[in-house]
Protein chains: 4
Amino acid sequence: MIIVMKPNAKIESIKQVLAIIEEKGLKAHISDGAEVTIIGVIGDKSLLADQNIEIVDDVDRVVPVTESYKLPNKKFHPEPSVVKVGNVLIGGDQLVIMSGPCAVESKKQVLETAHAIKKAGASILRGGAYKPRTSPYAFQGLEEEGLRYMKEAREETGLPVVCEVTSLEAIESAIKYVDMLQIGARNMQNFYLLKEAGKTGLPVLLKRGLSATIEEWLNASEYIMSQGNPNVVLCERGIRTFETATRNTLDISAVPVIKEKSHLPIIVDPSHATGVRSYVKPLAMSAVAAGADGLMIETHPNPAIALSDGPQSLTFPQFETLCEELRPLAQLFKKTF
Amino acid sequence: MIIVMKPNAKIESIKQVLAIIEEKGLKAHISDGAEVTIIGVIGDKSLLADQNIEIVDDVDRVVPVTESYKLPNKKFHPEPSVVKVGNVLIGGDQLVIMSGPCAVESKKQVLETAHAIKKAGASILRGGAYKPRTSPYAFQGLEEEGLRYMKEAREETGLPVVCEVTSLEAIESAIKYVDMLQIGARNMQNFYLLKEAGKTGLPVLLKRGLSATIEEWLNASEYIMSQGNPNVVLCERGIRTFETATRNTLDISAVPVIKEKSHLPIIVDPSHATGVRSYVKPLAMSAVAAGADGLMIETHPNPAIALSDGPQSLTFPQFETLCEELRPLAQLFKKTF
Amino acid sequence: MIIVMKPNAKIESIKQVLAIIEEKGLKAHISDGAEVTIIGVIGDKSLLADQNIEIVDDVDRVVPVTESYKLPNKKFHPEPSVVKVGNVLIGGDQLVIMSGPCAVESKKQVLETAHAIKKAGASILRGGAYKPRTSPYAFQGLEEEGLRYMKEAREETGLPVVCEVTSLEAIESAIKYVDMLQIGARNMQNFYLLKEAGKTGLPVLLKRGLSATIEEWLNASEYIMSQGNPNVVLCERGIRTFETATRNTLDISAVPVIKEKSHLPIIVDPSHATGVRSYVKPLAMSAVAAGADGLMIETHPNPAIALSDGPQSLTFPQFETLCEELRPLAQLFKKTF
Amino acid sequence: MIIVMKPNAKIESIKQVLAIIEEKGLKAHISDGAEVTIIGVIGDKSLLADQNIEIVDDVDRVVPVTESYKLPNKKFHPEPSVVKVGNVLIGGDQLVIMSGPCAVESKKQVLETAHAIKKAGASILRGGAYKPRTSPYAFQGLEEEGLRYMKEAREETGLPVVCEVTSLEAIESAIKYVDMLQIGARNMQNFYLLKEAGKTGLPVLLKRGLSATIEEWLNASEYIMSQGNPNVVLCERGIRTFETATRNTLDISAVPVIKEKSHLPIIVDPSHATGVRSYVKPLAMSAVAAGADGLMIETHPNPAIALSDGPQSLTFPQFETLCEELRPLAQLFKKTF
């Protein structure tokens, strides 16, 4: 931590800062520059967490020098993590494709989808039973009934299943049926939910918040991991910008940034990122080329009547074609699927 | 709802759109333009919610013509709403000042603050007992103990109290102690929480999400109101932009926009919007001048050691000065406090 | 300037950084922290401008500690500047209202407007003769003819006039007719234009770019000032965000931020910030309450047929009412107009 | 164009809208909906450009139904355009790599670079002679001298050259030396410059503005094309968001969006988009996979002492490796280079 003083800071102000640092048993290092004085803090800066040095007189600003997150930080865990979901490994050599409908609508829909995506090459089934919808009058999901259908689909096809949870109640139901919990973008900073998801020990798919920085996203993963659960997979799904041609703006740079800053696996969801079916394929390809460990792609037996996010869902034949085109690309990047 | 077809759309595509509309018992109105055909839908468009007309062949886009929110919409409720919190009315002639610490830290701190802000002119005490913090290692709040102190402060001073809730558990505790529930920015689209808060019947202070549009914010209020609870107060607290000189960017335009689109009261929180103490006063003044019904201002007996958000908290003398300067301004805008 | 090394940086890497610093005759100050080594640079850091220390091995990042702008910086010029435009002083006790049409359309329109706004209380006439329009087919302005009408309006009313310039050609014409040059938002980083405007010695009204940070804006003013022209007035006119209820998002915090960081005057343009006539008054009021030195308000004899930005223009009676309501507010903030 | 009236709009207001439409010889189509009345305009809506229907009483909003740009619009020109720069075709089967230094610094630097990038596989040499820099004290470019070096490099290597122009003066010099003009992000809405670049007839590389929407970008290309110059190549180089881990956020979706909406070629600049050397390769790969027609990659003989943007520049060996890795990827997407 570095404390930058204002030009011509009073000696007493500098002394006050030093006193705060030393009172906590830390050491201060002073640099008297041409324009300003800078004070470096040596030692465990978390001891200063309850000190608001910013508001000491003549302090210009406080600059952190280390990242705020520890457990997901690559600096302290240089080897990439591999997260096991059922029998599927995310973060290793496999390009993991998760697919399925935005919302679970019926048993028939889920089973049909599970078979179709398995055949095409997907290895995890997704499907929402608790749907966070902008309007309270929109379809809110089948809840526990939906989870049951997902479990049946797993039993029939062997595909592990991932479902979003939106409350402690939903978590308590989900752990009976699913292989992986998903925390959605709107709940990325629902810290209570993160902790509860962490406590289950199940792998967690953590979507990036609509306007979350990468640092906040990694701090959110720290909430889950701090409960003793290292099984976190990150999912980039687009951020909010001024651009309106797509529903969100896929931050493709997040893939290499996460690979440099964290050991956690990262997958990309081009369906939510764009909201437009015809953009799903080019963005799926670009995600693989950027180094993503997997993809999440929405599919539906009949997108025209999907209860949620139909316009961005692929039909089964479209999904099959996408998988065929992904295969040589994955190979080029030394990934199997 | 208007459906815009692509140039040279095939007759069959247009017929398919018409068939979907008519199947639901709605009427379609066709305009054959110079470049494109436009189809207007007459009737209750919610009947089309499960039809994804966007992906019918040759459809260019679907344009909604009415707002997605109903209960907070001024069009259906032209008179401004007044929300009662304890004996305080928000949305009427009074400029309502809510003040108190970001986090409840001790009984002494809360009582001292309650007396000080009451004396200066505030009419509602705020204080967080459940703190959503970016880092899991930061102080997370005193929880039920903190709520108890808030209640004691109300008993001593008569000020109604507002506390943030972050889970169903927190709601269940809070209803025993507080006069108003706060939903924080990070939970604005935690729809489960919104519904549970709505069910309590208590007034709810709904902060705008970090990257929420005004339309989404009003839809979030609809979640609360749809539970039969009309007592919602909106709070603008800054949105996320690329600007870094302030923690967030106060969207001051939200005040007149809400006044035009909704009947709900709106207050402004300049403390969280800027994160910098010296900007609190000018932004508080500007909020009143823009027509806000109230303000939320963070105060602390000793900001230098506040456990949360110290750098943006005012001392009691600073708060008193602010209130004195606000008084003639409020008067000019025909508000009392 | 501070250089933060990566954890476990190699000794040779640190030596390499030190060598670069010392080669330029600067002094380095090393702090060996618990986790990382930090190197402070003492002396004129501009000597390192052609050294890309970021890419030396093991360097984590380079943190500047002083602002990049000098001439507009309050640290080196603590007294607020007052800029003289004709006989009007901006930045002093007067609340300066600039008003007029977005685009000069005819002599009659300009003269009529000049008289009407003067009567209501405005002290500077604005009007665009070179219009930067999104579409090449939209009205592009009357160019030199428009400037002539502006000059005639000044001769008739005594109001100084301000016009936007968009090229060197436009500057060369404008200096014959106007009292102040305006650099529009889209040209805020047209550095060539900034320098040419600076060279004229005329006062310059510098609008903030659509997505410019405050720091970039002040750097843009430095371009003008570096030509020996200290007469710069800043104009906040809204930034681009995801919100669509208003054309832009007025960053009201920019007023106190500029007042803290710079000595230059700042005015606010609520017309362009919102694009909606009914929001102009509340935002004009809020700007004055936040401490702005003036306002720029679009007016038109008949907004319904304005060639540019009609929907945000006020009629003369609306403008007169606004001025009447601004008067007691200005008085409260010890401003005359 | 569709005009949406407010609920319970007065008959006279509707009549007034109809009168405006009919006065221009256009036809109106009225749909009386359950909640609101909608008026469709049939005919050439540009006839209404000088009518501000938004502010007629009871009008809720005006919704355009066709895009604002014509010449770059794929609807009116379905075949992809191929732009010829020297002997290089952009937009066809070739993956076109432009490379070179951010700023031309010396003859030696440019010639060395030209040979190195040609050998590695690049087909166009880039280099800035007029540099738009945030600070007026930073290196501003060698101007005409720099252009001369670029021409010499072309003569030695046969590579066509592209240089940024920032003023009419710069254009007048550049046309004597270069094969393609570049309009930089900061000048994307410098409409004067766009027109002047258009008039030269030279191919123009149009970078996307820092906060420009795709629609505004295509309108900017219309400015160039409206001068009779169809030779425009678009370049996505990142937009500004709240994320700070990268200098800008590469909007990779812009590639498929442009491919769907326009016939113009699009290339991607991962160097400026990220500002970080280690992210250049993954983003270059992702751009090719998303369907880009080319790449712009910064290279420098010695990035450590580059006068501009060193931290994002590749060394020659790094560039060579990148080209080798791009080759099989390009092949997969049926592109040669």
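Rules used throughout
- Residues numbered from 1 in each chain as written.
- Chains lettered and ligands numbered in written order.
- Predicted model: local features only at pLDDT ≥ 70, side-chain atom pairs only at ≥ 80, totals over all residues.
- Heavy atoms only, no water.
- Least-squares fit on C-alpha atoms with pLDDT ≥ 70 in both.
- Contact = heavy atoms within 4.5 Å.
- Helix = DSSP H or I, 4+ residues; strand = E, 2+ residues; numbered from the N terminus.
- Polar contact = N/O pair within 3.5 Å; in protein donor to acceptor, adjacent residues only side chain to side chain.
- Buried area = accessible area lost by both parts, 1.4 Å probe.
- Salt bridge = Lys/Arg side-chain N within 4 Å of Asp/Glu carboxyl O.
- Nonpolar A, V, L, I, M, F, W, Y, C, P; charged D, E, K, R; others polar.
- Buried < 20%, exposed > 50% of the residue type's maximum accessible area, 1.4 Å probe, protein only.
- Pairing = 2+ DSSP bridges.
- Axes fitted to C-alpha atoms, helices over the stretch in contact; angles between N-to-C directions.
- Parallel < 35°, antiparallel > 145°, perpendicular 65-115°, else oblique.
- Left-handed = near helix turned anticlockwise from the far one by under 90°.
- UniProt positions renumbered as here; feature names shortened; annotations may be inferred.

1. Let's talk about the relation of the copies chain A and chain D
- The two copies are related by a screw operation: chain A maps onto chain D through 180 degrees of rotation and 0.0 Å of translation along the axis, at an RMSD of 0.0 Å. This pairing of chains is accounted for by a two-fold axis. Measuring from the rotation axis to each C-alpha of chain A, the shortest distance belongs to Ser 286 of chain A, at 2.0 Å.
- Here 97% of the contact residues of chain A are again contact residues in chain D; the copies associate through an equivalent surface.

2. Structural notes on the side chain of Glu 67 of chain B
All names here are of chain B.
- Mapped onto the elements of the fold, Glu 67 is located in the loop between strand S4 (59-63) and strand S5 (83-85).
- Within the structure, Glu 67 has its side chain in polar contact with the side chain of Lys 75 (distance 3.0 Å).
- Apart from the residues lying within four places of it in its own chain, the contact partners of Glu 67 are Asn 73 and Lys 75.

3. Quick word on the interface of chain B and chain A
- Taken together, the contact between chain B and chain A spans 42 residues of the former and 42 residues of the latter.
- Roughly 3500 Å² is buried in total at the junction of chain B and chain A, and carbon and sulfur atoms are behind 50% of that figure.
- Where chain B packs against chain A, one counts two salt bridges.
- Salt-bridge contacts for Glu 216 of chain B lead to Arg 240 of chain A; the nearest nitrogen and oxygen are separated by 2.6 Å.
- Along the contact surface separating chain B from chain A lie 25 residue pairs in polar contact (both at pLDDT 80 or more).
- With four residues, the top contributor of residues to the side of chain B that touches chain A is helix H6 (residues 214-225) of chain B.
- Here the side of chain B that touches chain A is built from residues that sort into 17 nonpolar, 15 polar and ten charged.

4. Focus on the pairing of strand S1 (residues 2-5) of chain B
Residue and element names in this part refer to chain B.
- Here S1 shows a buried face lined by Ile 2 and Val 4 and a second buried face lined by Ile 3 and Met 5.
- Relative to S4, S1 runs antiparallel, the two being bridged by four bridges. If you follow Ile 3 over to S4, its bridge partner there is Val 62.

5. With respect to the packing of helix H6 (residues 214-225) of chain D against helix H7 (residues 254-261) of chain D
Residues and elements named next belong to chain D.
- Following both chains from N to C, one finds H6 and H7 inclined at 55 degrees, their axes separated by 11 Å at the closest point. Taken as axis vectors, H6 and H7 run oblique relative to one another. In this structure, the crossing between H6 and H7 has a hand that is right-handed. Contacts from Ile 214, Trp 217 and Leu 218 in H6 reach Ala 254, Val 257, Ile 258 and Lys 261 in H7.
- For the contact of H6 with H7, the per-class residue count stands at six nonpolar, no polar and one charged.

6. Thoughts on unusual backbone geometry
- The backbone of Asn 8 of chain A shows a phi angle near 60 degrees, a positive value even though the residue is not glycine.
- With respect to the helices and strands, Asn 8 of chain A occurs in the loop between strand S1 (2-5) and helix H1 (11-23).
- Here Lys 334 of chain C, not a glycine, exhibits a phi torsion of approximately 60 degrees, which is positive.
- Structurally, Lys 334 of chain C can be placed in the segment after helix H10 (316-332).

7. So, the UniProt feature "domain: DAHP synthetase I/KDSA" (unreviewed entry) in chain A
- Per the UniProt record, "domain: DAHP synthetase I/KDSA" (unreviewed entry) is found at residues 87-327 of chain A.
- This span, residues 87-327 of chain A, is 38% helix and 15% strand, and a straight line between its end C-alpha atoms measures 21 Å.

8. Concerning the relation of the copies chain B and chain A
- Superposing chain B onto chain A requires a rotation of 180 degrees together with a translation of 0.0 Å along the rotation axis, leaving an RMSD of 0.0 Å.
- When the interface residues of chain B are mapped onto chain A, 100% of them are again interface residues, pointing to one common binding face.

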